[in-house]
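Descriptive analysis of the structure
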Amino acid sequence: MYEFSMTEEQELLLESLEEFMARGNYMEYFKECDHEHKYPEKACNDYIEAGYHLLPLPEEYGGDELDLVSNVLMTMKMYELGWPALALPGSFLQVDNILAYGNKEQQDKVIGEAVAGRKGYTLGFTEPQAGSDNSAMATRATHKDGKVILNGCKTFNTGASVTKYMMCMAREYEVDNPYKDMSWYLVPLDAPGVKITPIPKVGCHCIPTCEVRLDDVELDEGALVGKKCMGFYQLMKNFETERLMSCAVNVGEAKCAYNVAAAYAGQRVQFGDIIGNKQIIQEKVCDMRIKILAMENFTLNCAWRKMQGEKMGVDISLLKRYTGKAAFEVIDDAMQIMGGIGYTQDCIIDRLWRDQRGFRIFAGSEEIMVHSSARQLIKEAAAKK
Ligand SMILES: Cc1cc2nc3c(=O)[nH]c(=O)nc-3n(C[C@H](O)[C@H](O)[C@H](O)COP(=O)(O)OP(=O)(O)OC[C@H]3O[C@@H](n4cnc5c(N)ncnc54)[C@H](O)[C@@H]3O)c2cc1C
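Not measured: the values here are computed from a predicted model.

Next up on the list: helix H2 (residues 27-35). At 3.6 residues per turn, the α-helix brings residues three or four places apart onto the same side. Taken as a whole, H2 has its buried residues at Phe30, Cys33 and Asp34. Viewed end-on, H2 has its buried residues packed into an arc of 100°, placing them on one side of the element. What points out from H2, more than 90 degrees from its buried face, is the exposed set Glu28, Glu32 and His35. Those residues of H2 hidden inside the fold are in contact with helix H10 (348-358). Among the residues trailing H2, His37 stands out with phi positive, at a value near 55°.

So this is what it looks like as structure tokens:
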């Protein structure tokens, strides 16, 4: 269906990331950050100093406009090398969104944050009563004297307490159909009426996840991002990229676990022989590797086709469902191969197991990936009959 071989630039980029990570020797530091729920500031500063965070950004902001496939390769590599989940500076997704929908002033604000190595914004669509069901969103935008006033409650906002802005979805209550009634607003999180409360969670400890309450938060009408009442459709475009990038993390984390566990199988001696000589362990190693190859190829295939302009909603839903589960199975098998050590907090598998589990839930759960793809698949098959 497609041909894929890395360009010389891509190969050099991945080599340079390997050298960067080897030089920094961050593994003990990442462990400490995870245990203490700290942002890995020291490693992020090194990454920013080396200029890697600029690569996905547009040239006019000093970036390299790295293409989607290269971004996916870079993301896979960083997580394969053990970077903590969701804590990598420089977001292709946020730049993609704001360039697609934001005006120049909004682009300067968000991309300005990215240039400084900070998260451009936290995405605000989930609400306590509106998780998978976006149509249940109730945050309200009221318009008065040239101002927009927001009231509502957003939840599970990644990085809200360390980010300047929220890309907030609100209902206009102009029409009954909720999908044709939502708009995006860029909300400064230091505005009066915003209250941010962190939510303790199982993993992804290097970045906070928060609830954000909005009580009479008054903004200029210029805070609207894109078209009024088109927010849901803008979100759908966002989802394609967000889901794809989350799949790249799944692949990277699975590879990280595989590398550690397969090497351990070749060293750990029990009953006078390495456990890697037992067929039941070999079977796990082979199955892990098959899943990694399938995930990696499927992810790059989707990235490449998206880059050619193909509509990828359905395939990326399938990819997210597959890589979320397969990566977790790989990491879980890695824990099993490592035995008791794999279950200790001293071993990186502990963090990967907790962090990657979240990727089966956010940006669309694996059940919702069925909901968003199966009807289309069946319709397409029926149309060919
Ligand atoms: C670590 C983390 C970070 C997050 N970051 C953000 C963020 O930055 N911004 C943001 O807006 N949100 C964020 N989220 C929220 C995330 O997108 C939601 O948790 C997710 O969409 C699921 O919604 P929910 O938790 O309300 O579960 P629910 O929608 O209540 O679902 C509960 C269960 O029911 C299943 N289910 C629901 N509907 C159906 C259906 N129709 N068919 C079959 N099964 C169904 C789900 O798959 C799930 O298993 C984050 C979540 C986490 C855990």
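This part takes up the domain arrangement of the protein. Partitioning the protein into domains gives domain 1 (8-115), domain 2 (122-229) and domain 3 (233-384). Centre-to-centre, using C-alpha coordinates, domain 2 lies 30 Å away from domain 3. With 8 residues of domain 2 in contact, the opposing surface of domain 3 contributes 8 residues. Looking at the side of domain 2 that touches domain 3 residue by residue, the classes come out as 5 nonpolar, 3 polar and no charged.

It is worth spelling out the nonpolar core at this point. One finds Tyr185, Val187, Ala257, Val330, Ile331, Ala334 and Ile349 to be the most contacted residues of the largest nonpolar core, which totals 103 residues. It is helix H7 (residues 231-265) that contributes the most residues to this core, 15 residues altogether. For Ile331, the residues in contact, after removing those within four places along its chain, are Glu253, Ala254, Ala257, Ile349, Leu352, Trp353 and Gln356.

Tracing the sequence through the fold places Met312 in the loop between helix H8 (279-307) and helix H9 (313-338). Measuring from C-alpha to C-alpha, the distance between Met312 and Glu380 comes to 14 Å, with 68 residues separating the pair along the chain. The residues touching Met312, leaving out its near neighbours within four places in the chain, are Glu240, Cys302, Arg305 and Lys306.

Conventions used here
Residues numbered from 1 in each chain as written. Predicted model: local features only at pLDDT ≥ 70, side-chain atom pairs only at ≥ 80, totals over all residues. Buried ≥ 20, exposed ≤ 12 C-beta atoms within 10 Å, placed from the backbone. Helix = DSSP H or I, 4+ residues; strand = E, 2+ residues; numbered from the N terminus. Arc of directions from axis to C-beta. Contact = placed C-beta atoms within 7 Å. Domains from an automatic or database assignment. Nonpolar A, V, L, I, M, F, W, Y, C, P; charged D, E, K, R; others polar. Core = buried A, V, L, I, M, F, W, Y, C linked by C-beta atoms within 7 Å.

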